[in-house]
Structure formats: structure tokens, C-alpha cells
Amino acid sequence: MKSVAVIGAGCCGLTAIKCCLDEGLEPVCFERGNYISGLWHYTEDVEEGQACVMKSTVINTSKEMMCYSDFPIPADFPIYMHNQQVDRYFHMYADKFGLRKYINFNTEVLSVKPTKTFNSDGQWEIAINTSDKEETRVFDAVLICTGHHAEKNLPNFPGLNKFKGNVKHTHDYKDYHGYEDKNVLIIGIGNSGGDVATELSRITSQVYLSTRSGSWILNRVAEKGLPWDMVQSTRFNTKLLTTFPNMITSRTEKKLDKKIDHEKYCLKPKHHLFSAHPTLNDELPNRIISGGVIVKANVAEFTETGAIFEDGTTIDNLDAVILATGYSFGFPFIDKSVIEVKANKVDLYKYMFPPDLQKHTMAIIGCFQPLGAIMPLSEMQCRLATRVFKGLKTLPESSKMWKDIKSKHAAMSMRYKQSLRHTIQVDYVPYMDELAEMVGCKPKIGKLVLTDPKLAMEIFFGPCTPCQYRLMGPGPWKGARNAIMTQWERVYKPLQTRPCAKTERKSSGAIYMLIVAVIAVLLYFIL
Ligand SMILES: Cc1cc2nc3c(=O)[nH]c(=O)nc-3n(C[C@H](O)[C@H](O)[C@H](O)COP(=O)(O)OP(=O)(O)OC[C@H]3O[C@@H](n4cnc5c(N)ncnc54)[C@H](O)[C@@H]3O)c2cc1C
Ligand SMILES: *[C@@H]1O[C@H](CO)[C@@H](O)[C@H](O)[C@H]1NC(C)=O
Ligand SMILES: *[C@@H]1O[C@H](CO)[C@@H](O)[C@H](O)[C@H]1NC(C)=O
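Since we're looking at a predicted model, the values are computed, not measured.

The rules behind these values
Residues numbered from 1 in each chain as written. Chains lettered and ligands numbered in written order. Predicted model: local features only at pLDDT ≥ 70, side-chain atom pairs only at ≥ 80, totals over all residues. Heavy atoms only, no water. Pairing = 2+ DSSP bridges. Helix = DSSP H or I, 4+ residues; strand = E, 2+ residues; numbered from the N terminus. Axes fitted to C-alpha atoms, helices over the stretch in contact; angles between N-to-C directions. Parallel < 35°, antiparallel > 145°, perpendicular 65-115°, else oblique. Left-handed = near helix turned anticlockwise from the far one by under 90°. Contact = heavy atoms within 4.5 Å. Nonpolar A, V, L, I, M, F, W, Y, C, P; charged D, E, K, R; others polar. Near = heavy atom within 4 Å. Areas by Shrake-Rupley, 256 points an atom, 1.4 Å probe, with all protein chains shown as cover.

### Topic: the pairing of strand 15 (residues 299-302)
- With 3 bridges connecting them, strand 15 and strand 16 (residues 307-309) associate as antiparallel partners. Bridge pairing in strand 16 links valine 299 to phenylalanine 309.
- The antiparallel pairing of strand 15 with strand 16 creates a hairpin that spans 4 residues between the two strands.

Written out as C-alpha cells, the structure reads:
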């Protein structure tokens, strides 16, 4: 038995505990708060250094794409859940797999250091603080699950200290109270900036939304009212995008412009769609067209009562400023010799493993930014890490890992706009597959085409849902196939709230089977 310290009981820490149990390891989780779910546990009070959703936050990834791979979200939950339901799902997960008894609440980890004998036994010395005492304990391995949204990024705008109104970072914004009938300037058009702007625009006198570089706006609700991520995140689309990147990018941009002309709305960014993190917001165009939100350029300077923008325009009667300027991350409690983060840059193999350690008994979980859900990716990271800890999987030698890290950094700076936001960017399907290949649980579609063509079709053309990674390899789940074949039922279930006249559709079963057969044969030769 190997003891594993899990630091943090957010959605990453929970799955870390579960994956340790699955591999027969002994997890001990330390959580400084008195609750699970991390930032999805809403608190009325602002806690410094502790990330938290706003009262109205609705998750931006659909329930089928964000679930843990062996625990689909109940059919009657909405497709995009309010933060209270997200929190409830994490509680259900903890109960289902009996995770709670491994968590030590109100226990803060103060430091994580390699022991003196680390190079032979790979053990860690972990100092913890409970309310009544400090102590040091030794563990065989450690999983760091402390999140990356706690430290506010506060850019230094000229004159901001002169400004007499209220100034707040979105980290400290809970709800609209106090902003009624005010003139509010929001800086930054990321997801938080967009959320705060649309919420406030209904009760304030005026909301101004300042953006330096603009952004592409995606909607949760895609064509036919389907969830965008289920439509977008398919293996087929991923293959198309990697084969014809320019064509697909410009086609998708045109599609987005068809919904709202980004240029006319002054939102159009200089960068292309997949070169910066887009903004997911369903209401913004609506609030702009009704005058509640006015889009502005970057702020050049603040005055005592207003702001001057880079295009020379001014606002003179501002009451409040909200900085939606993002976060910086770090691991202040880990020994500097192990990991150092500079300007949101960190060198980790597969975004997880410090490459220079003699023994690979440490992994960082959830320290990446996908265009998609964090939960299933961090679950996959935990499946990999626990297998590495057990010696079932060996990592390549240090020089090979550095080569991989450097090539990833290079690819990132080729593709993305230079920014604090784009240092840990991953693509959902490719990253999931990359890790799954190391674990040995990537679905073999070529094989499935012959044995289970229906499933193979859904896996290739349907959404790349997490249950796909429980079909084969280590840690399979018996319910996986059924969960995949019924995923659309779980999507439609919460919408069926009223008897509704249906148009008769002619069944085209035979034609469908023929198409399936033809595509299956084609696929077999392609893959
Ligand atoms: C406002 C907001 C909205 C978001 N919306 C979405 C979304 O819609 N979809 C999505 O996929 N992602 C979203 N995210 C991203 C979010 O990071 C992930 O969804 C996910 O919650 C991260 O989980 P985590 O477990 O890594 O970190 P957290 O949830 O932050 O949990 C970390 C835990 O570690 C504990 N901890 C930290 N340091 C210590 C220590 N030294 N000792 C002991 N315990 C410690 C903390 O108390 C906390 O409970 C959002 C983030 C923010 C800030
Ligand atoms: C340990 O926790 C106690 C109580 O929460 C606190 O007063 C003290 O400052 C903490 N010690 C350290 C080193 O953080
Ligand atoms: C969802 O919101 C979070 C927090 O603002 C953000 O980090 C993440 O990238 C968003 N996801 C998508 C798919 O836009």
C-alpha cells in the first residue's frame, strides 16, 4: 500500500481520491475549507485567496461533457447547471464512491518538501495546520489539486488609485447588490467580464464593457437549441480541424458572424478564432442591442470620476469599476526546487509532472485551460498519475520530457496571442486522447467498427463524452456503452416539461443502416 496526499477537495481533489482508491492506493486528502466542491461551493462572504463562483453563475459546459467518466449526471438535471446543481453533483459523486471519509477538513497544507531520502524512496514531507496544531507527515506520493483561480491578476491602470468610486475584482463580486442605478465600467471581456456585464446591465443606469482586443462570442445554445460543446467536441470535427485548420477556422468564424456581425458590434478581435480563448455568453449581443451594455476600447487612464479611453473618448460620471482581468496561479507551498511558476508559465510534462525529479511521485492536477470541461480531463490526469505512482506506467527520461514540454510551449506561442491567459491552453479531444493513450484506455475505433459499428459511429461522429474512456483498457466500467448510447436521452429529458404535439417522421431505418455500413467500411480503412 502506498500513501498519497491529495491537497484540495474541489472537483479535482475528489476524483483524485477516487482514482487512488481504484488503484488500491491509500489517499489522505487535506482541505483548508470545511466543504467539498472548491470554487463551486458558493459562499456569501469573500474569502481572500479562495476562488468562488458568483451567485448567478451557470456552468458553461454541458452535463454530458463535464461528468466524471463513470458517473453520468442524472437525466433530470438541466443541460447547463446552475452552480448549486454542480455542487450537488459533486456531493453525489463523493457519496457514491465513499470519498468523504478520506478528507480532513479545516486543514491547510503549509509546505510540501522532498524528504532527505527522496532520491531513493520518493517520499514527501508535508506540513499541515489544523485549527489546534501544526504537524508534519510523510507520504509516498502527492497530488496537488489546489486550483488555479485564486490569485487576482490586477493590472496597473494609470490613475486607478485616483479614481474615487468603488473598484473591485470579479473574484470579489458576488451579486448585483449595491450597483442599482449606477454607471459601471467593466474591464475585460473574458467569461467573468461577460457574465457580470450582462447581469448588471438590467439594473444599473449604464454598463460599459472595455476590451483591449475584442473576442469571439460563442453561445451555450447552438443550432436547434443543442448544447454547443456536444455539437463541437466530436472526433470528426477534431480531425477536420487538424487536417484543414485554415478552412475550418474561417468557416466557423463566418458562422459566428452570421449570428452577430462581430465588426458591427465592435467585438471583432484581431486574432483568429482558435488563437485566443473565446467568450461564452448567450446574452451579450442581446444586451448590446438593447443599449444596456456599451462596448468600449482599452482604458488609457482613470480620472477621479471617470475614464479616458485609448480612442480618445471619455466617461465622466462613473460610479464603479469592476476588473474582470483574470487570475494568476502558483503553488506557494511547494518547495521552489521542485516547481517554480513565473508569469503564469510553468514547465510540467503533460501539464502534470515536474520533469527533473528522480522519482515521479508528484503530479499537479487541473492546471490547464481547455475549451471544454476541466473535470473529465483532471480525472484522466489522476488515472495516469496513480498508475505512474504504482509503477504500472513509466515516464520517459528527463531529456525526452523536456523535449515534449518545449515543443508544446513553441506550438502555443505560434498559435496563441501572447497573454497571461494563454500559457496552459489545451485542446479538449487531443489532450484527453494523449493522456488516455498513456493510461491505455483510448477507445480503439477501428476495432469497434467491426464488433460494434453503432457504438463506433457514436464515438466518432457524436460528442466525445468522458464515458468513451471507460470502454476498454484499465478501469473499465460496465455501464459505459449504455451511458454513451443514451446520452442524447439525458440531454432531452429536462426539456420535456409539457406534452407537445409531434410531427410524424417517416422511419428510414433501412437507409440509415446502409449509410452506417458504408461509413463503417470507410472508417475502417481510414483509421
Ligand atoms: C468564476 C469561475 C467560473 C468558472 N466556470 C467554469 C465553467 O463554467 N466550466 C468549467 O469547466 N470550468 C469553470 N471554471 C474553472 C474551474 O477552475 C474548474 O471548473 C474547477 O472548479 C477547478 O477545480 P479545482 O479542484 O482544480 O480547484 P478549486 O475548485 O479551486 O478547489 C481547490 C481546493 O483546494 C483547496 N486548497 C487550496 N490551497 C490549499 C492548501 N494549501 N491546503 C489545503 N487546501 C487547499 C481550496 O480550499 C479548494 O477547496 C470556473 C472558474 C471560475 C473562477
Ligand atoms: C494555523 O491555523 C491557525 C488557526 O486557524 C492560525 O491562527 C495560524 O495562523 C495558522 N498557522 C500558520 C502557520 O498558518
Ligand atoms: C468557462 O468559464 C471559465 C471561467 O470563466 C473559463 O475558465 C472557461 O474557459 C470557460 N469555458 C469555456 C468553454 O469557455
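### Some points on the sheet that holds strand 5 (residues 124-129)
- Pairing is antiparallel across the open sheet formed by 3 strands, whose spatial order is 4-5-6. The sheet is open, and its two borders are formed by strand 4 (108-114) and strand 6 (134-139), each paired with just one other strand. Between one strand axis and the next, the sheet turns through 25 degrees on average, direction left out of account.
- Bridge analysis of strand 5 against strand 6 gives 6 bridges, and the strand direction is antiparallel. Within strand 6, the position partnered with glutamate 125 by the bridge is valine 138.

### Points about the packing of helix 1 (residues 11-22) against helix 3 (residues 83-96)
- Their axes nearest at 11 Å, the elements helix 1 and helix 3 cross at an angle of 15 degrees. Between helix 1 and helix 3, the angle is such that the two are roughly parallel. In the crossing of helix 1 with helix 3, the sense of the turn from one axis to the other is left-handed. For the pair formed by helix 1 and helix 3, the contact residues are Cys11, Leu14, Thr15 and Lys18 on the first element and Phe90, Tyr93 and Ala94 on the second.
- Of the residues belonging to the contact of helix 1 with helix 3, the class tally is 5 nonpolar, 1 polar and 1 charged.

### Quick word on the site of ligand 2
- All residues adjacent to ligand 2 are Leu110, Asn129 and Glu134.
- In isolation ligand 2 exposes 360 Å². Once the protein is present, 36% of that is buried.

### Focus: unusual backbone geometry
- Although it is not a glycine, asparagine 106 adopts a positive phi angle of roughly 50 degrees.
- Tracing the chain through its elements places asparagine 106 in the loop between strand 3 (103-104) and strand 4.

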